[in-house]
Amino acid sequence: MLGRLNHVAIAVPDLNAAINRYEKVLGAKVSAPQHLPEHGVTVVFVEVENTKTELLFPLGDNSPIGAFLEKNPSGGMHHMCYEVDDILAARDKLIEDGVRVLGDGNPKIGAHGKPVLFLHPKDFDGTLIELEQV
Ligand SMILES: CC[C@H](C(=O)O)C(=O)SCCNC(=O)CCNC(=O)[C@H](O)C(C)(C)COP(=O)(O)OP(=O)(O)OC[C@H]1O[C@@H](n2cnc3c(N)ncnc32)[C@H](O)[C@@H]1OP(=O)(O)O
Ligand SMILES: [Co+2]
């Protein structure tokens, strides 16, 4: 089911400081901030040769990142995103296998303009998984 690792996401308490560190200290290429109100996040992507790191900052009152940062005030690794060819087939198979697909089970459009779904961290050894159809 799984294709390439699309990105690893890190929740950050100060987006500008994080961008600055990646650009100025690590010399990385960082994309412009994207505001995604439907997901309650502002994101940037740090591009490296074989994958991306997504830096996540809360947007709005009910952001999933707000709750995460309350528990982890210094920030921390938030999720891994894997590519899949057919997100609906993947979802149906995962549900059949007892995995909790988050939200209403219908994919939303993510930061790359492609359908995404999230899987409950308690079903994957404490790691939140995002699937993105490529
Ligand atoms: C899609 C746009 C962009 C992209 O790449 O394209 C993004 O990636 S946006 C990313 C932000 N969106 C999401 O995270 C959506 C899915 N997340 C959720 O639905 C919730 O955050 C959820 C269900 C993971 C947790 O929400 P809940 O309200 O249940 O929060 P709790 O704090 O009560 O958590 C319950 C339990 O899970 C542990 N937890 C929560 N978040 C994570 C995490 N990121 N990684 C690992 N574990 C996590 C939390 O600590 C609680 O554990 P407990 O042992 O009970 O304390
Ligand atoms: Co993501």
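Summary of the structure given here. Worth saying up front: this structure is predicted, and the values here are computed from it rather than measured.

## Digging into the overall build of the chain
In step 1: Summing up its helical and strand segments, the chain has 3 helices and 9 strands in all.
In step 2: If you list the helices and strands of the chain from N to C, you get β-α-β-β-β-β-α-β-α-β-β-β.
In step 3: Relative to the compact-globule value of 14 Å for 134 residues, the chain shows a C-alpha radius of gyration of 15 Å, a close match.
In step 4: Principal-axis analysis of the C-alpha atoms gives the chain an extent of 45 × 30 × 25 Å.
In step 5: The proportion of buried residues among the 134 residues of the chain is 39%.
In step 6: Look at the contacts in the chain between residues 6 or more apart in sequence, and 54% of them connect residues 24 or more apart.
In step 7: Surface accessibility of the chain: about 7700 Å² in total, with carbon and sulfur atoms responsible for 52%.
In step 8: Counting 12 positive and 19 negative side-chain charges, the chain places the averaged centre of each group 3 Å from the other.

## Brief notes about the coordination of the cobalt ion (ligand 2)
In step 1: With distances of 2.1 to 2.3 Å, the protein atoms coordinating the cobalt ion (ligand 2) are H7 (NE2), E54 (OE), H79 (NE2) and E130 (OE).
In step 2: The site at the cobalt ion (ligand 2) holds 6 donor atoms, and with the angles between them running 76 to 169 degrees, its shape is octahedral.
In step 3: Counting gaps between the donor residues of the cobalt ion (ligand 2) yields the pattern H-x46-E-x24-H-x50-E. In this pair, H7 is assigned in strand β1 (residues 5-11) and E130 in strand β9 (residues 128-133), connecting sequence segments 123 residues apart.
In step 4: Look at E130 and you get buried, because its relative accessible area is 5%.

## Things to note about the layout of surface pockets
In step 1: Within this model, the largest pocket holds a volume of roughly 750 Å³.
In step 2: Mapped onto the lining of the largest pocket, the elements with two or more residues apiece are β4 (41-47), β5 (52-58), α2 (64-71), β6 (76-84), β8 (115-119) and β9.
In step 3: When grouped by side-chain class, the residues that make up the lining of the largest pocket number 16 nonpolar, 13 polar and 7 charged.

## Overview of the environment of K114
In step 1: Checked against the element boundaries, K114 lands in the loop between β7 (108-109) and β8.
In step 2: Note: C-alpha distance between K114 and F45 (69 residues apart in sequence) is 15 Å.

## Points about the pattern of salt bridges
In step 1: Summed over the entire model, instances satisfying the criterion amount to 5 salt bridges.
In step 2: Of the charged contacts in the structure, one is a salt bridge between K29 and E47, with a shortest N-O distance of 3.7 Å. Residue K29 is found in strand β2 (residues 29-30), and its partner E47 is found in strand β4; the two are separated by 18 residues along the sequence.
In step 3: Taking the shortest distance from any N to any O, the salt bridge between K93 and D97 comes out at 2.5 Å.
In step 4: For K93, a relative accessible area of 39% translates into the label partly exposed.

## Considering the pairing of β1
In step 1: In terms of burial, β1 is a largely internal element, 5 of the 7 residues being buried.
In step 2: Inspection of the sheet shows β1 paired to β6 by 6 bridges, in the antiparallel sense. Within β6, the position partnered with I10 by the bridge is M77.
In step 3: Summarising the sheet, β1 and β5 pair through 5 bridges and their orientation is parallel. The residue of β5 that forms the bridge with A11 is L56.

Definitions and cut-offs
- Residues numbered from 1 in each chain as written.
- Chains lettered and ligands numbered in written order.
- Predicted model: local features only at pLDDT ≥ 70, side-chain atom pairs only at ≥ 80, totals over all residues.
- Heavy atoms only, no water.
- Helix = DSSP H or I, 4+ residues; strand = E, 2+ residues; numbered from the N terminus.
- Rg over C-alpha atoms; globule rule 2.2 N^0.38 Å.
- Buried < 20%, exposed > 50% of the residue type's maximum accessible area, 1.4 Å probe, protein only.
- Contact = heavy atoms within 4.5 Å.
- Areas by Shrake-Rupley, 256 points an atom, 1.4 Å probe, with all protein chains shown as cover.
- Lys, Arg positive; Asp, Glu negative; His and termini not counted.
- Charge placed at Lys NZ, Arg CZ, Asp CG, Glu CD.
- Donors = N, O, S within 2.8 Å, 3.2 Å for Na, K, Ca; no water.
- Tetrahedral: all angles 85-135°; square planar, octahedral: opposite > 155°, others 65-115°.
- 1 Å grid on protein atoms, 1.4 Å probe; cavity = no way out; pocket = protein on both sides within 12 Å on 5 of 7 lines; lining within 4 Å.
- Points joined across faces, edges and corners; volume = space filled by probe spheres on them.
- Nonpolar A, V, L, I, M, F, W, Y, C, P; charged D, E, K, R; others polar.
- Salt bridge = Lys/Arg side-chain N within 4 Å of Asp/Glu carboxyl O.
- Pairing = 2+ DSSP bridges.

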